[in-house]
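Structure at a glance
Here is what each chain is made of, one letter per residue.
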Amino acid sequence: MIIGICAEAERKIMSNNSLIYLDYAATTPVAAEVIAAAMPYFGASFYNPSSLHMMGQMSSMSLRQARRKCLSAINGHDSGNIIFTSGGTEAINQAIKCSYVKSGEHIVISAIEHDAVFACAEKMKERGVIVDVVDPTANGIIEPSELKKVMCPQTKLVCVMLVNNIVGTIQPIKVLAEVAHEYGALFFTDAVQAVNSIDINVKDLNVDMLCVSGHKFYAPKGSGFLYVKNGVQLGSFIDGGSQESGLRGGTVDVPSAMALATAITMAQNNVEQYNEKILEVTNAFVAALNCGEVIAKNSNKSNDILSIAFDGVNGGRLAVALSVAGVCCSVGSACSAGSAVPPQTLLAMRVKNAESCVRFSFGSPVTVKQAIEAAETVNETVAKLKSSSDNGSEGNK
Ligand code: PLP
């Protein structure tokens, strides 16, 4: 079946019958300006930033500039450090597993985090750390009052993401961080889905750690960083040389760092225009749909991520059928795409028809025309699936 879909998709691409890509939360293309910023560091400026000679030191200077640009983009220029990582998953691993939380101590995560947070929390449990999980409201928001209920003097770390990757809800990070700090705990936020749509200010949010992933904002896959506030004690994630202040050994990927610094600066300078454009496109998309219900539509949310429930149709089947029809979307995060279980976020929100949900996520290249065309394809595909005897909707009507 998968081979069939790929062949069909390939035929469409080859025949120039363009697919409409609505899966920008899974990944984005690399912007031309970002490629241009990285290019010299593959060629003429290829040097190792740890080398003592002049060329190495020039590379090191560029790396310092990239670090400053990243810090400045999140308003942390005088308040902390940037550790370049291979992306969001690695940064999450470092923030949680290298945070010096000991056996018998306590950490809190939200029930709507990325799989990487759940996996790290499991590892912490194996070390004897006690883990509590805070459920969201039915609207996908982590309420500070719910966090307060599980906080205790042993709590050392609280993790709540900034923008949810399934439904797009924006969490009240500043207040949640305040609660964590009242108990003397550190606060870490995963801002992987926030960079395009939120003006990120680590000082205002008052977070101790924050991570981003380049491939979500038009930088290459395999790039990202963990921001760490001055004074936060963190252990090394990769043991080796003294790169990244001794917290991540290994020769630094300078082209990726240059790309990341350019992409995050561009994204953060463009938040207002991005949100305006995305709102216009998603409004057109939703208006052209004659079926489906947007999850958490009345919450404080980022408009670029829409999970929509299509009652009476299985979300996985619908996503596959849409791919064949020329619309690329997903049922959840790309990291758990093979799972038959609906995304944890929807389960935690107790969405009744979670199995019938599909995630559409939008990016700067999507036009209003494409959004309307995609919505029309969704209408036709849902109607076809509903009229076929085998629509895969058993148990989720
Ligand atoms: N956190 C969130 C909210 C995500 O959406 C993702 C990726 O989808 C990640 C973390 C993982 O990031 P990466 O793909 O860079 O490892």
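Just above, that's the structure.
Residues numbered from 1 in each chain as written. Predicted model: local features only at pLDDT ≥ 70, side-chain atom pairs only at ≥ 80, totals over all residues. Heavy atoms only, no water.

1. Overview of the overall build of the protein chain
On a plain count of helices and strands, the protein chain comes out with 13 helices and 12 strands. Rg of the C-alpha trace for the protein chain: 22 Å, near the compact-globule value of 21 Å for 397 residues, within the 12% margin. By the burial criterion, 55% of the 397 residues in the protein chain qualify as buried. Pairs at least 24 apart in sequence give 75% of the contacts found in the protein chain among residues at least 6 apart. (Helix = DSSP H or I, 4+ residues; strand = E, 2+ residues; numbered from the N terminus. Rg over C-alpha atoms; globule rule 2.2 N^0.38 Å. Buried < 20%, exposed > 50% of the residue type's maximum accessible area, 1.4 Å probe, protein only. Contact = heavy atoms within 4.5 Å.)

2. Looking at the pattern of salt bridges
Applying the stated rule across the entire model yields nine salt bridges. Taking the shortest distance from any N to any O, the salt bridge between Lys102 and Glu105 comes out at 3.6 Å. Relative accessible area serves as the criterion here: at 52%, Lys102 is assigned to the exposed category. (Salt bridge = Lys/Arg side-chain N within 4 Å of Asp/Glu carboxyl O.)

3. Digging into the packing of aromatic side chains
Applying the stated criterion across every chain, the model contains five aromatic pairs. Considering the side-chain rings of Tyr21 and Tyr24, the 4.8 Å spacing of their centres and the 75° angle between planes classify their relative orientation as edge-to-face. You can call Tyr21 partly exposed: its relative accessible area is 27%. Members of the aromatic cluster, connected to one another through ring pairs, are Phe285, Phe310, Phe360 and Phe362. (Phe/Tyr/Trp six-rings, centres within 6.5 Å; stacked < 30°, edge-to-face > 60°.)

4. A closer look at the site of the ligand
Residues in close proximity to the ligand total 13 residues, the closest being Gly88, Thr89, Asp190, Ser213 and Lys216. Ser213 is positioned with one of its side-chain polar atoms (N or O) 2.6 Å from an oxygen atom of the ligand. Alone, the ligand offers 390 Å² of accessible surface; in the complex the protein occludes 92% of this. The element that contributes the greatest number of residues to the shell around the ligand is helix α4 (residues 88-97), accounting for three residues. Within the shell around the ligand, the residues separate by chemical class into three nonpolar, eight polar and two charged. (Near = heavy atom within 4 Å. Polar contact = N/O pair within 3.5 Å; in protein donor to acceptor, adjacent residues only side chain to side chain. Areas by Shrake-Rupley, 256 points an atom, 1.4 Å probe, with all protein chains shown as cover. Nonpolar A, V, L, I, M, F, W, Y, C, P; charged D, E, K, R; others polar.)

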